[in-house]
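Listed below are the residues making up each chain.
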Amino acid sequence: FDKFLARLKASGLFKVRGKMRTDSTHLLAVVERLSQLELVTESLRMAVLAVHDAAPQWAEEVVPEAFFVAYRHRRNDYRLSQKQIAQRLTQAGKDGFWFLAQVQQATVSVVRKLPQVATLRTVLEQQFPHGTDGPPAEKRCTGKEVIESPHETEARYGTKRGKGWLGYKAQVTETCDPDQPHLIVDLDVTGALDNDSPELSHIQDRLAERALLPGEQQVDQGYMSGQNLVESAARGINLMGVPLADTQGPAGFRQTDFDIDTETHQALCPAGHRSRVWAERSLPNTSRPAIQIRFDAQTCQQCPHFGSCTHSRQGRSLTLHPYRAALAARRVEASTEAFRERMHARAGVEGTISELIRAHGFRQARYRGLDKVQLQAYFTALAVNLKRLTRWWCRPQ
């Protein structure tokens, strides 16, 4: 993929510091999401079969035949009542912890190193947070580290606009200069729960390695942040997008409604009260500190706007992000008609995502595991670019 882009660049098909646009879409895993009972029993079944294949003699000596019979075939919760599901889940958890204890004491070291055993251990720790004798989690946990299927341990369960999926996300970046072919320059597969905003720096890092950094990059709100604006500008990129509105507080008492003087380290609230605390606070993933502002607790409680401005008995507080100035300036710019007209080109990436899905089946992963799905992404991007180049070269003059 990189060599192909290098050839295109050498042929003059990429404009130096041209325009690009980026968006993301979800990607379905090969496997389906299992119920909590199916997840535990299937993880145990796979571990039992793997141990039996790796050390059959040890398994026959230590594990009862009835245990192998019970977990030799896949189980499901079809037509089971909630009470029956709870009972079977509790029993499967106890059986799983017992089996792990036998494996941990095994004289055959190979069984302790099996990936299926590691998966079972992780699943039990996540679904039974109280340990061996405790009940399963009251609510099924989700998150970046939570395994949803032992058949594809890297797939995660994500949700967007009320719809959930098991799999991954794909970050799509393409050129969009009007006088050049629109070609995919980056197609990266990430975790289903990875937010778009932190991925922007990784996208730009890869573009920098390919010597393809744009002069303008159009994105949607998911990528827009003050930090991305400032860091993109440092790379020579004008990051174009509509930032999220300021919603830190009710209308009339949001951060933009306060008079903040950074020179005197004072803030004046809409009711005319001055702040009492001005302190720096470190933030993750940035070397720039934020400013923590707090107003007097007693003054806030006696204020007629208490309950509207804040409900905290400790008084109103503000956190000034170190990149707030860039974000505020972009909010003002985004309200202009000229900015909205420039952003019309961003919608074209939706058509590219539709092409990836409808013409190349990119909604569905064809392989298991993040590395192999990334390989599918490279193949798909190459196919799209070859087709687009053919149409570009054969267009009517």
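Use the structure listed above.
A brief report on the enclosed structure follows. (Residues numbered from 1 in each chain as written. Predicted model: local features only at pLDDT ≥ 70, side-chain atom pairs only at ≥ 80, totals over all residues. Heavy atoms only, no water.)

### Quick word on the sheet that holds strand E10 (residues 290-295)
Taken in spatial order, the three strands make up an open sheet running E9-E10-E11, and their pairing is antiparallel. Two strands lie at the open edges of the sheet, namely strand E9 (275-281) and strand E11 (317-320), each paired on one side alone. Along the sheet, successive strands turn relative to each other by an average axial angle of 20 degrees, direction set aside. In terms of strand pairing, E10 meets E11 through four bridges, oriented antiparallel. Residue pairing for E11: Arg294 is matched across the bridge by Ser317. (Pairing = 2+ DSSP bridges. Helix = DSSP H or I, 4+ residues; strand = E, 2+ residues; numbered from the N terminus. Axes fitted to C-alpha atoms, helices over the stretch in contact; angles between N-to-C directions.)

### A look at the packing of helix H1 (residues 2-10) against helix H13 (residues 370-393)
Interaxial distance between H1 and H13 falls to 11 Å at its minimum, and their mutual angle equals 25 degrees. One element, H1, and the other, H13, form an angle in the roughly parallel class. Between H1 and H13 the crossing geometry is left-handed. For the pair formed by H1 and H13, the contact residues are Phe4, Leu5 and Leu8 on the first element and Leu382, Asn385, Leu386 and Leu389 on the second. (Parallel < 35°, antiparallel > 145°, perpendicular 65-115°, else oblique. Left-handed = near helix turned anticlockwise from the far one by under 90°. Contact = heavy atoms within 4.5 Å.)

### Focus on the packing of aromatic side chains
Remark: the centre distance and the inter-plane angle together describe each pair of aromatic rings, the angle taken between the planes. Across all of its chains, the model carries six aromatic pairs by this definition. Consider the rings of Phe67 and Phe99, whose centres lie 5.9 Å apart with planes at 10 degrees: the pair is stacked. On the criterion of sequence distance, the pair formed by Phe67 in helix H4 (residues 65-70) and Phe99 in helix H5 (residues 82-104) is long-range, its members being 32 residues apart. Across the pair, exposure class does not vary: Phe67 and Phe99 are buried alike. Aromatic ring contacts, followed pair by pair, group Phe67, Tyr71, Trp98 and Phe99 into a single cluster. The lysine or arginine in question, Arg33, covers the ring of Tyr157, its NZ or CZ lying 3.7 Å from the ring centre. (Phe/Tyr/Trp six-rings, centres within 6.5 Å; stacked < 30°, edge-to-face > 60°. Buried < 20%, exposed > 50% of the residue type's maximum accessible area, 1.4 Å probe, protein only. Lys NZ or Arg CZ within 6 Å of the ring centre and 35° of its normal.)

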